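Here is how the chains run, residue by residue.
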Amino acid sequence: DGGITQSPKYLFRKEGQNVTLSCEQNLNHDAMYWYRQDPGQGLRLIYYSQIVNDFQKGDIAEGYSVSREKKESFPLTVTSAQKNPTAFYLCASSPGAGEGETQYFGPGTRLLVL
Amino acid sequence: AQKVTQAQTEISVVEKEDVTLDCVYETRDTTYYLFWYKQPPSGELVFLIRRNSFDEQNEISGRYSWNFQKSTSSFNFTITASQVVDSAVYFCALSDFTSYGKLTFGQGTILTVHP
């Protein structure tokens, strides 16, 4: 089955700790994205990658970092610099990176601060 | 700048009622794409439809239909004979040439269908 997987489903972070959210896709898509969703709000773009070994900041990149060493993987690290990390994080991918490309989403990771 | 407005924060209907979710967008580009996604309680966003700016034909898929009107910059979504399983948050999104394919989402509309 082709799709996007995210792990873990729930993640707890202690103060001052960095945590990494996993995103894997087997759709052979070139582009991948990370979004943050806060209660009652739409999705906001954190980082995106149009191709392997390349990525760009989105609208709210501060306190986050990413890597794209493999086509199928796009992990997101929430650093201690992100002061309000509690949110629902969604990973997406699209076949290409143009304006007409449909993005497909994973099941999400809910991050909570202890 | 791109902008998507979903003015209806929450809608509540009784099963079998028809319901329309509004979406108004802003873009300076002549080439753009509009999307609707459904987010059920599980959290995953499910793609429903993509429409490009040059195709103003309405689309129907089962109980779902979409009305695209460039004159009013709207892309509304209607569910006919709603069912409890339609309860979800629905997002409208825009992608245009200027944004290089990045999606701009509306705030979402929470639809609750009561039995």
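These figures come from a predicted structure and were not determined experimentally.

(A) Here's a closer look at the state of the cysteines. As enumerated under the stated definition, the model contains two disulfides over all chains in all. Each sulfur in the disulfide pair Cys-23 of chain A and Cys-91 of chain A lies 1.8 Å from the other. An S-S torsion of about -70° defines the bridge between Cys-23 of chain A and Cys-91 of chain A as left-handed. You can see Cys-23 of chain A sitting in strand 3 (residues 19-25) and its partner Cys-91 of chain A sitting in strand 9 (residues 87-94), a full 68 residues away along the chain. Residue Cys-23 of chain A is classed as buried on the basis of its relative accessible area of 0%. With its sulfur 2.0 Å from that of its partner, Cys-23 of chain B forms a disulfide with Cys-92 of chain B. Note on the Cys-23 of chain B and Cys-92 of chain B pair: the S-S dihedral is about -65°, so by sign convention the disulfide is left-handed. Taken together, the positions of Cys-23 of chain B in the loop between strand 3 (19-21) and strand 4 (24-26) and Cys-92 of chain B in strand 10 (residues 88-96) put the pair 69 residues apart, joining distant regions of the chain.

(B) Seen up close, the nonpolar core. One finds Trp-36, Phe-77, Tyr-90 and Leu-111 of chain B to be the most contacted residues of the largest nonpolar core, which totals 23 residues. Sort the elements by how many residues they give to this core and strand 10 of chain B lands first, with four residues. Beyond its immediate stretch of four places on either side in the chain, Phe-77 of chain B contacts Val-19, Thr-20, Leu-21, Trp-36, Leu-48, Tyr-64, Ser-65, Trp-66 and Tyr-90 of chain B. Ranked by size, the runner-up nonpolar core spans 19 residues in total, among them Leu-11, Leu-21, Ala-61 and Tyr-89 of chain A.

So, how was this worked out
Residues numbered from 1 in each chain as written. Chains lettered and ligands numbered in written order. Predicted model: local features only at pLDDT ≥ 70, side-chain atom pairs only at ≥ 80, totals over all residues. Heavy atoms only, no water. Disulfide = S-S within 2.5 Å. Helix = DSSP H or I, 4+ residues; strand = E, 2+ residues; numbered from the N terminus. Buried < 20%, exposed > 50% of the residue type's maximum accessible area, 1.4 Å probe, protein only. Core = buried A, V, L, I, M, F, W, Y, C linked by side-chain atoms within 4.5 Å. Contact = heavy atoms within 4.5 Å.

Spatial relationships are all this shows, so hold off on functional conclusions.
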